[in-house]
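# Overview (structure and organization)
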Amino acid sequence: MKQISAEATTEILVGPNRLLLGLHEGQNRQGRPISDAQVHLRFFSLEQPDQPRLRGEADALFLGKGIEVAQELYSARATFEAPGSWGLASRPGARRSPP
């Protein structure tokens, strides 16, 4: 199984949010950036850490190469209804077919 590392938005507020993710092969951004994945995100409330509750889902869209921070980025929108601890599960899927 191929390892993938992800960097995500670090400031999340109550209400609507735009999340940005950079995906890379390997660990700690050591591999090449991934620009051709289908990425589905699931958001969990960690109010009770031993019983995470699914609170939302979204598909992340590829934004393009070289977006000011020199990495390839994906974006998704999510609404967080309360402050507290939240979890994010990301599952990159099959790579997109060229057009």
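Please read these numbers as outputs of a predicted model, since none were measured by experiment.

## Details of the overall build of the chain
Helix and strand counts for the chain stand at zero helices and six strands. Across the chain, helices and strands are ordered from the amino to the carboxyl terminus as β-β-β-β-β-β. By residue count, 29% of the 99 residues in the chain fall in the buried class. Excluding contacts between residues fewer than 6 apart, the proportion of contacts in the chain whose partners are at least 24 apart in sequence is 53%. Per element, the accessible surface of the chain, about 6,900 Å² overall, is 50% carbon and sulfur.

## Digging into the confidence of the model for the chain
Per-residue confidence for the chain gives a mean pLDDT of 76, with 68% of residues at or over 70. Per-element confidence in the chain ranges from a low mean pLDDT of 60 for strand S1 (residues 4–8) to a high of 88 for strand S5 (residues 73–80).

## Things to note about the packing of aromatic side chains
Applying the stated rule across the entire model yields three aromatic pairs. On the basis of an interplanar angle of 85° and a centroid distance of 5.7 Å, the ring pair of Phe43 and Phe80 is categorised as edge-to-face. Placement of the pair is Phe43 in strand S3 (residues 37–45) and Phe80 in strand S5, with a sequence separation of 37 residues. Exposure class is identical for Phe43 and Phe80. Each is buried. Taken together, a centroid distance of 4.9 Å and an interplanar angle of 70° make the contact between Phe80 and Trp86 edge-to-face. Phe80 gets classed as buried once you look at its relative accessible area, which sits at 3%. Of the residues examined, Trp86 reaches a relative accessible area of 22% and is grouped as partly exposed.

## Examining the nonpolar core
Generally speaking, soluble globular proteins have nonpolar side chains that are buried together. Core analysis: the biggest nonpolar cluster contains 14 residues, and Val39, Leu41, Phe43, Ala60 and Tyr74 have the highest contact counts within it. Among the elements of the structure, strand S2 (15–25), S3, strand S4 (53–64) and S5 are those that each provide at least two residues to this core. In contact with Ala60, not counting residues within four places along its chain, are Leu21, Val39, Leu41, Tyr74, Ser75 and Ala76.

## Focus on the environment of Leu88
With respect to the helices, strands and loops of the structure, Leu88 is situated in strand S6 (residues 86–95). Given the relative accessible area of 41%, Leu88 is considered partly exposed. In the structure, Leu88 is positioned 32 residues away from Gly56 in sequence and 9.8 Å away in space, judged by C-alpha atoms. When sequence neighbours within four positions are dropped, the list of residues in contact with Leu88 reads Leu21, Leu41, Arg42 and Phe43.

The rules behind each value
- Residues numbered from 1 in each chain as written.
- Predicted model: local features only at pLDDT ≥ 70, side-chain atom pairs only at ≥ 80, totals over all residues.
- Heavy atoms only, no water.
- Helix = DSSP H or I, 4+ residues; strand = E, 2+ residues; numbered from the N terminus.
- Buried < 20%, exposed > 50% of the residue type's maximum accessible area, 1.4 Å probe, protein only.
- Contact = heavy atoms within 4.5 Å.
- Areas by Shrake-Rupley, 256 points an atom, 1.4 Å probe, with all protein chains shown as cover.
- pLDDT = per-residue confidence, 0-100.
- Phe/Tyr/Trp six-rings, centres within 6.5 Å; stacked < 30°, edge-to-face > 60°.
- Core = buried A, V, L, I, M, F, W, Y, C linked by side-chain atoms within 4.5 Å.

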